[in-house]
Amino acid sequence: MRTNGSLTTFKAIEYNATIEFYWAPLLVESNSDHPVNHRLPDRIVRAQAIEKHAIHWTDADILVFNSYLWWRRPKMKVLWGSFENPNEGMYKEIEMLRSYEMALKTWSDWLEIHVNHTKTELFFVSMSPTHFWAEEWSLTKDGNCYNETEPISREHYKGRGSDPKMMNVVEKTLEQLKDRGVNVKVLNITQLSEYRKEGHPSMYRKQWDPLTQEQILNPASYSDCIHWCLPGVPDTWNELLYAYVFS
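This is a predicted model, so every value here is computed, not measured. (Residues numbered from 1 in each chain as written. Predicted model: local features only at pLDDT ≥ 70, side-chain atom pairs only at ≥ 80, totals over all residues. Heavy atoms only, no water.)

This part takes up the layout of surface pockets. Volume-wise, the second largest pocket comes out at about 170 Å³. For the second largest pocket, the full set of lining residues is Ser126, Met127, Lys158, Pro164, Met167, Glu171, Val186, Asn188, Thr190 and Gln191. For the lining of the second largest pocket, the secondary structure elements donating two or more residues are α3 (164–179) and α4 (190–194). The element best represented in the lining of the second largest pocket is α3, accounting for three residues. Grouping the amino acids of the lining of the second largest pocket by side-chain chemistry returns four nonpolar, four polar and two charged. (1 Å grid on protein atoms, 1.4 Å probe; cavity = no way out; pocket = protein on both sides within 12 Å on 5 of 7 lines; lining within 4 Å. Points joined across faces, edges and corners; volume = space filled by probe spheres on them. Helix = DSSP H or I, 4+ residues; strand = E, 2+ residues; numbered from the N terminus. Nonpolar A, V, L, I, M, F, W, Y, C, P; charged D, E, K, R; others polar.)

Structure representation (structure tokens):
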């Protein structure tokens, strides 16, 4: 494994295969692009700038995209200009769905022009749900995913951490791409993951800041109800991708 900035590369020599993970949580250029130092309360995107990232994607046989949780705020600050010369640019706070739509437009234009559509398979992964509020699946008014050991059994359960309007923007963007001759398959992992409130790593995660004594005495206060670092749920996502690729 080798890491170079936002790009982490895994090589399976015996299979003559390379898997790369590229950190670009908002797809387009942003002030959150550093793979480690990206914990910023005020997120800023250059909604019309993607080449800094996309230059690393051009020659892949399979490209799998996703961008969701990092957009989850009422508004996003959009920059027209560059981060190198911040005083020369223009900033504007834009309603999140509109700024998300702008970023996906930039991404889709890049796909249409720069990807070899006869060689490269394209995928977009749907929303990854969260489980912050136990009141959504139980009668309790307090709690989150901490100490949960069973999936949610209620059919068609969906928590308020998932935003259908965002996926509507994705679907509209992909429909427009298809009309332009670019086929991006949706890897829909949302509903199957909605049930898995017990699939998060609980409090066993890397802590960026030292825990306070109050937190230590109350593990639920720092339980990770976003990520899926345990076996099970991400493996299922990979099985779905495998089925798509080899179907």
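With respect to burial, strand β9 (residues 121–125) is a largely interior element, four of its five residues being buried. Bridge analysis of strand β6 (residues 62–65) against β9 gives four bridges, and the strand direction is parallel. The residue bridging Ile62 from the neighbouring strand is Glu121, located in β9. Judged from the four bridges that link them, β9 and strand β10 (residues 184–187) form a sheet pairing that is parallel. For Phe123, the partnering residue across the bridge sits in β10 and is Lys185. Taken together, β9, α3 and β10 form a β-α-β motif whose crossover is right-handed. (Buried < 20%, exposed > 50% of the residue type's maximum accessible area, 1.4 Å probe, protein only. Pairing = 2+ DSSP bridges. Right-handed = clockwise from strand over helix to strand, strands pointing away.)

Together, Met1, Phe10, Ile19 and Phe21 give the surface a local cluster of nonpolar side chains, amounting to about 490 Å² of exposed area. Summarising the element assignment, Phe21 is placed in strand β3 (residues 17–22). For Phe21, a relative accessible area of 46% corresponds to the partly exposed category. (Patch = residues over 30% accessible without salt bridge, like charges linked within 9 Å, V, L, I, M, F, W, Y side chains within 5 Å. Areas by Shrake-Rupley, 256 points an atom, 1.4 Å probe, with all protein chains shown as cover. Salt bridge = Lys/Arg side-chain N within 4 Å of Asp/Glu carboxyl O.)

So, on to the state of the cysteines. Following the criterion strictly, the structure yields one disulfide and no others. Here Cys145 connects covalently by a disulfide to Cys225, the sulfurs 2.2 Å from one another. Taking the torsion about the S-S bond as the criterion, the Cys145 to Cys225 disulfide, at about -90 degrees, is left-handed. In this pair, Cys145 sits in the loop between β9 and α3 while Cys225 sits in the loop between α5 (213–217) and α6 (233–246), placing the two residues 80 residues apart along the sequence. By relative accessible area, which is 4% here, Cys145 ends up buried. Taking relative accessible area as the criterion, Cys225 reaches 1% and is therefore assigned buried. The closest cysteine sulfur to the non-disulfide-bonded Cys229 is located on Cys145, 11 Å from its own sulfur. Judged by its relative accessible area of 60%, Cys229 falls in the exposed class. (Disulfide = S-S within 2.5 Å.)

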